[in-house]
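Residues per chain are reported as follows:
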Amino acid sequence: MKIGIICGKTSEEYLNKSFVKQIPKKYKINGEIHTDVALGYIIKDKFPDVKVDLIMPKDISNQRLQKNDMNIPIGYDIINAINDDPFIQKFTGKRGIEKLDKIYSNQKNKIFPSYDFMAFIWDKKKYLKKLQKNKIPISPTIFITDKVNPSKLIQQIQKYKWKEFIIKPIGGTTSFGLGKFNLSESLKDLSEIKEYFEDNNEYYSEYLVQELIRGFGKYGEIKSFWINGEFSYAVNIFDTGDDKEYRVEEIIDKKVIQQCEKIGKRVIRVLPKINFNNKKSLPVMVRIDFTCCQENKKFSPSNYFVNEIESDIAGTYINFPNVKYPMLEVLADAYIKKSKVLISK
């Protein structure tokens, strides 16, 4: 069995320096070995009967992928290409993104999770509507295109009575393209909103608009990790105001975790199944992010809601020294068990 690990993480350094010493320097990005590459080497160590093909973004091709029994994007996908994270010449711009898109959608390339599942996760509009349909708590959302009329948008926002609101591209990750606005100021002057779309329409065609949830700053965001559909661990992320810096805590109120687990189980049940080798499956890892408080209500575990869903490529936050969960070891076991089931005839 030969497993391809598609790498490319740029900001999730693997902190085990003694382990990193055995990994060739050619796998470094931004001068560091990241968790995706480390995962490949952990699999090599734990499962010597499994061949591991570490694929850096510049080496992604139909020919390379088709030599493997399964290829798992852990560090680079279409969203990375859109955001040039990292910058890869052949996957840059519209033609480059289309080139990568064709590679990932080619079933002969044995991508897991499947292209259909990844497309669902990439499209926040799709999964928020799915959650809404199944009465899973989310923040009320307006979906718009790049051709939106700012005046009409403000009229919609007035109906929701949001004093502050955000606009975020569908397809953007972390804070890429995030805009924060004040309703009273926007009613007086639309120039800031118009400028936002002028800056972002070059890269995005759809956006979502939501109330600015003040609890992000006060209560942080719960990042919960689910392995093969079961809750694994969670961390609480606090934005420090620096785009690249977060404060991460592992100790979380038990009642909050219980509520997030309760909602998370419902999310897992409604996720589309992946078809690989004519077998139906969940992805190995799903990250479900929760925030308080829905509609800026008072703090209560019952007011937590789903803010975002990501899959195998999601950040794990084990690059923070205080996060002790052995995520890569757990993932290594889970990926090999999953691949043996899906690849077998």
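For the structure itself, look to the data block above.
Read on for an overview of the structure.

## So, the pairing of strand E1 (residues 2-6)
With 4 of 5 residues buried, E1 is to be regarded as a mostly interior element. With 5 bridges connecting them, E1 and strand E2 (residues 51-55) associate as parallel partners. Bridge pairing in E2 links glycine 4 to aspartate 53. Summarising the sheet, E1 and strand E3 (residues 70-73) pair through 4 bridges and their orientation is parallel. Across the sheet, residue isoleucine 3 finds its bridge partner in E3, namely methionine 70.

## Topic: the environment of asparagine 83
The topology assignment puts asparagine 83 in the loop between helix H4 (78-82) and helix H5 (93-105). For the pair asparagine 83 and phenylalanine 176, spaced 93 residues apart in sequence, the C-alpha separation works out to 8.0 Å.

## Some remarks on the packing of aromatic side chains
Two measures describe an aromatic ring pair: the distance that separates the ring centres and the angle between the ring planes. A full pass over the atoms with the stated rule returns 19 aromatic pairs. Where phenylalanine 112 meets phenylalanine 276, the ring centres are 5.8 Å apart and the plane angle is 90°; that geometry is what we call edge-to-face. With phenylalanine 112 in the loop between H5 and helix H6 (115-122) and phenylalanine 276 in strand E11 (residues 274-276), this pair connects stretches of sequence that are 164 residues apart. For the pair formed by phenylalanine 112 and phenylalanine 276, the shared burial category is buried. If you follow lysine 44 out to its NZ or CZ, it ends over the ring of tyrosine 41, 4.4 Å from the centre.

## Digging into the sheet that holds strand E9 (residues 230-239)
In a beta sheet, neighbouring strands pair by backbone hydrogen bonds and run either parallel or antiparallel. Taken together, 5 strands build an open sheet; the order of strands is E10-E9-E8-E13-E14 and the sheet is antiparallel. Taken across any chain shown, the strands that pair with only one partner, and hence form the sheet edges, are strand E10 (246-249) and strand E14 (305-310). Put simply, the sheet's adjacent strands are angled 30° from each other on average, direction ignored. As paired strands, strand E13 (residues 285-291) and E14 are joined by 5 bridges and run antiparallel to one another. Residue pairing in the sheet places isoleucine 288 in a bridge with isoleucine 309 of E14.

## Here's the deal with the pairing of E9
Burial of E9 is extensive: 7 of the 10 residues sit out of reach of the surface. Judged from the 7 bridges that link them, strand E8 (residues 221-227) and E9 form a sheet pairing that is antiparallel. Note on E9: the bridge partner recorded for isoleucine 227 is glutamate 230. Hairpin connection from E8 to E9: 2 residues lie between these consecutive antiparallel strands, with asparagine 228 at a positive phi of about 50°.

## A short note on the sheet that holds strand E5 (residues 164-169)
Read across the open sheet, the 4 strands follow the order E4-E7-E5-E6; overall the sheet is antiparallel. Because the sheet does not close on itself, it has two edges, and the strands there are strand E4 (141-145) and strand E6 (179-182). Averaged over all adjacent pairs, the angle separating strand axes in this sheet is 25°, with direction ignored. Taken together, the 4 bridges between E5 and E6 define a ladder with antiparallel strand orientation. Looking at E6, one finds that glutamate 164 is bridged to asparagine 182.

## Regarding the side chain of lysine 223
Mapped onto the secondary structure, lysine 223 falls in strand E8. Within polar-contact distance, the side chain of lysine 223 engages the side chain of glutamate 221 at 3.1 Å.

## Some thoughts on the packing of helix H2 (residues 35-46) against helix H13 (residues 327-343)
Close contact between H2 and H13 brings their axes to 9 Å; oriented N to C, the two are set at 65°. Between H2 and H13 lies a crossing whose hand is right-handed. Packed against H2, whose contacting residues are Thr35, Ala38, Leu39, Ile42, Ile43 and Lys46, the element H13 presents Leu328, Glu329, Leu331, Ala332, Asp333, Tyr335 and Ile336 at the interface. Residue composition of the contact of H2 with H13, by class: 9 nonpolar, 1 polar and 3 charged.

## A word on the nonpolar core
The biggest cluster of nonpolar side chains holds 79 residues, and the ones touching the most others in it are Ile5, Val37, Leu131, Ile222, Val267, Val306 and Ile309. Here the element with the most residues in this core is H13; it accounts for 8 residues. Once residues lying within four places of it in the same chain are set aside, the contact partners of isoleucine 222 are Ala234, Val235, Asn236, Ile252, Val256, Ile257, Cys260, Ile288, Asp289, Phe290 and Tyr304.

Thresholds applied
Residues numbered from 1 in each chain as written. Predicted model: local features only at pLDDT ≥ 70, side-chain atom pairs only at ≥ 80, totals over all residues. Heavy atoms only, no water. Buried < 20%, exposed > 50% of the residue type's maximum accessible area, 1.4 Å probe, protein only. Helix = DSSP H or I, 4+ residues; strand = E, 2+ residues; numbered from the N terminus. Pairing = 2+ DSSP bridges. Phe/Tyr/Trp six-rings, centres within 6.5 Å; stacked < 30°, edge-to-face > 60°. Lys NZ or Arg CZ within 6 Å of the ring centre and 35° of its normal. Axes fitted to C-alpha atoms, helices over the stretch in contact; angles between N-to-C directions. Polar contact = N/O pair within 3.5 Å; in protein donor to acceptor, adjacent residues only side chain to side chain. Left-handed = near helix turned anticlockwise from the far one by under 90°. Contact = heavy atoms within 4.5 Å. Nonpolar A, V, L, I, M, F, W, Y, C, P; charged D, E, K, R; others polar. Core = buried A, V, L, I, M, F, W, Y, C linked by side-chain atoms within 4.5 Å.

Honestly, that's just the spatial picture; any functional story needs more than this.
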